[in-house]
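Coordinates in review
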Amino acid sequence: MPHYSGPLLTRPTAEAMLAARDAGTREWAGSLDLGRSNGVALLGTDTWQWKDCSYPYPHKLKERTIYYWDGDEFASVSRFSGSLIKLVPTEWGAPTFEIDGIKMLPTAKESPVADARRKVALVEPRGKVLLDTCGGLGYFAACCLETGVARICSFEKNPDVLWLRTLNPWSPDPDDPASGGRLELTHADVVSAIAQIEDASVDALLHDPPRFGIAGELYSQAFYDQLARVLRRGGRLFHYTGSPNKLTSDRDVPREVAKRLEKAGFKAQLALDGVLAIRR
């Protein structure tokens, strides 16, 4: 799907624009793409103009919500199809997303892009062919592209997440000339799709699955065996785990993951909020 190029509004942005209009200012300078760039909106009494298009002032907007122009009105960037999935603004510009109110990316201490950049650095993607198992908003892919990855194959199972990516200016577009044809984004479940990937055809791996309780198959020994099969010897894997249930039970998911990866043929160690492993 093509990426959206219209304005994105949050409550603070809309309020700032309305305050400028009410103060008699004819122009408002700021970002209408979640901090990716800055521009100028021309303010009229009932409408405002940006990039040669006119829009009505929005009705009252909700906190923690991003709005896009759907052709008729400013609608929230959210969908419900079994689960409520929603793009959520952050103080860093780059948004996170939620599924049924559960935040999918860490944003408390830094931008989700900065967080992704630290994790991507662990697998040293420059010049490599990389497998991104659970693409999400594409921040891993974006960081790989900026650090000179040769090619990245990314899978995303959820069609609503793929829709969020078309509205998020921080998500890389495979068709953007800036990507240089290096990003291949596939709508598929990597659990089954990985069987079609050739042995030892991948130089590095990034695995950022949903939490264990939602997608236990992505933490299984069978899947880790597949990761070991497609990754060349000496190749690096970063597996995000977080620390689920650590405070409320005796379960230590990162160490469980490390043990399974060792059994699959990796040398594993805890790193950041996950596990870094090297194919033996």
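Look above for the structure.
Now for a look at the structure at hand. (Residues numbered from 1 in each chain as written. Predicted model: local features only at pLDDT ≥ 70, side-chain atom pairs only at ≥ 80, totals over all residues. Heavy atoms only, no water.)

**Some remarks on the side chain of His 239**
Residue placement: His 239 occurs in strand S16 (residues 231–240). A residue is classified by how much of its surface remains accessible, and His 239, at 0% relative accessible area, is buried. A polar contact is formed between the side chain of His 239 and the side chain of Tyr 224, at a distance of 2.7 Å. Once residues lying within four places of it in the same chain are set aside, the contact partners of His 239 are His 207, Pro 209, Leu 218, Tyr 219, Tyr 224, Val 257, Gly 274 and Val 275. (Helix = DSSP H or I, 4+ residues; strand = E, 2+ residues; numbered from the N terminus. Buried < 20%, exposed > 50% of the residue type's maximum accessible area, 1.4 Å probe, protein only. Polar contact = N/O pair within 3.5 Å; in protein donor to acceptor, adjacent residues only side chain to side chain. Contact = heavy atoms within 4.5 Å.)

**Here's the deal with the packing of aromatic side chains**
In this structure the tally under the stated criterion is 8 aromatic pairs. When the centroid spacing of 5.0 Å and the interplanar angle of 35° are considered together, the rings of Trp 48 and Tyr 55 count as tilted. Three or more aromatic residues link up through ring pairs in this structure, and these residues are Trp 48, Tyr 55, Trp 69 and Phe 74. When the ring centre of Tyr 57 is taken as origin, the NZ or CZ atom of Arg 21, which lies over that ring, is 4.6 Å away. Just above the ring of Trp 170 sits the side chain of Arg 36; from NZ or CZ to the centre is 4.5 Å. (Phe/Tyr/Trp six-rings, centres within 6.5 Å; stacked < 30°, edge-to-face > 60°. Lys NZ or Arg CZ within 6 Å of the ring centre and 35° of its normal.)

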